[in-house]
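What follows is each chain in one-letter form.
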Amino acid sequence: MEVPTYILRAAGVTPTGVTLPARESTAWLVRRRTELAVLRRLDPTRWPAAEREALADIAWLHGFLAELSTTGFPAPGR
C-alpha cells in the first residue's frame, strides 16, 4: 500500500518506497528534509478511537521514543 497523497502533503514527507511490517497499522519509511522517519497510520476500522485517545497514544509513543533516544538507541529524541 502506498502512502496516500493527502498524507504526504499534510506531513511534508517524501516516500522512500519502503513499507514496514506492522500488525495494527500501516507503516512507511519516509524522508523529511535530510532525516528518515517512520510514518504510521492506524487502521480506523480496527481502532476507531476517539480523538482524545488517539492523541494520548501519540503522546505516549513520542515520550517513549524520546526516552529511548537518551540510551544511545537511534530513536528520534523530539
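Provided above is the structure to which this section pertains.
All of these numbers come straight from a predicted model, not from anything done at the bench. (Residues numbered from 1 in each chain as written. Predicted model: local features only at pLDDT ≥ 70, side-chain atom pairs only at ≥ 80, totals over all residues. Heavy atoms only, no water.)

Peer 1: Would you explain the overall build of the protein in this entry?
Peer 2: A count of helices and strands for the protein gives two helices and three strands. Reading the helices (α) and strands (β) of the protein from amino to carboxyl end gives α-β-β-β-α. Counting across all 78 residues of the protein, residues that qualify as buried make up 14%. Carbon and sulfur atoms provide 59% of the accessible area of the protein, an area that totals close to 6,400 Å². (Helix = DSSP H or I, 4+ residues; strand = E, 2+ residues; numbered from the N terminus. Buried < 20%, exposed > 50% of the residue type's maximum accessible area, 1.4 Å probe, protein only. Areas by Shrake-Rupley, 256 points an atom, 1.4 Å probe, with all protein chains shown as cover.)

Peer 1: When you look at the environment of L20 in this model, what are you seeing that I'm missing?
Peer 2: With respect to the helices, strands and loops of the structure, L20 is situated in strand 1 (residues 14-20). Since its relative accessible area comes to 27%, L20 is described here as partly exposed. As a C-alpha pair, L20 and L39 span 19 residues in sequence and 9.6 Å in three-dimensional space. Beyond its immediate sequence surroundings of up to four residues, L20 is in contact with A27, W28, L29 and V38. (Contact = heavy atoms within 4.5 Å.)

Peer 1: Hey, could you run me through the packing of aromatic side chains in this one?
Peer 2: Here a ring pair, both rings aromatic, is described through the centre-centre distance and the interplanar angle of the planes. The tally for this structure, following the rule as stated, stands at one aromatic pair. Here the aromatic rings of W60 and F64 are separated by 5.4 Å at their centres, their planes lie at 10°, and the arrangement is stacked. Separated by four residues within a single helix, W60 and F64 lie in helix 2 (residues 51-69), roughly one turn from each other. (Phe/Tyr/Trp six-rings, centres within 6.5 Å; stacked < 30°, edge-to-face > 60°.)

Peer 1: Would you mind going over the nonpolar core with me for this structure?
Peer 2: Where a protein is soluble and globular, its nonpolar side chains tend to be buried together. V3, I7, L8, V13, W28, V30 and L39 together form the largest nonpolar core, which totals seven residues. Among the secondary structure elements, those contributing two or more residues to this core are helix 1 (5-11) and strand 2 (25-32). When residues no more than four places from it in sequence are discounted, the contact partners of V13 are L8, V30, R31, R32 and L39. (Core = buried A, V, L, I, M, F, W, Y, C linked by side-chain atoms within 4.5 Å.)

Peer 1: Is there a simple way to think about the pairing of strand 1 in this case?
Peer 2: Both faces of the sheet carry side chains from a regular strand, because those side chains alternate between them. In terms of strand pairing, strand 1 meets strand 2 through five bridges, oriented antiparallel. Across the sheet, residue T19 finds its bridge partner in strand 2, namely W28. In sequence, strand 1 turns back onto strand 2 through a hairpin of four residues. (Pairing = 2+ DSSP bridges.)

Peer 1: I tried to follow the environment of D43 on my own but got confused; where do I start?
Peer 2: Locating D43 in the fold gives a position in the loop between strand 3 (35-42) and helix 2. Each C-alpha atom of the pair D43 and R23 lies 9.8 Å from the other, and the pair is 20 residues apart in sequence. Those residues in contact with D43, other than ones at most four positions away along the chain, are E24 and S25.

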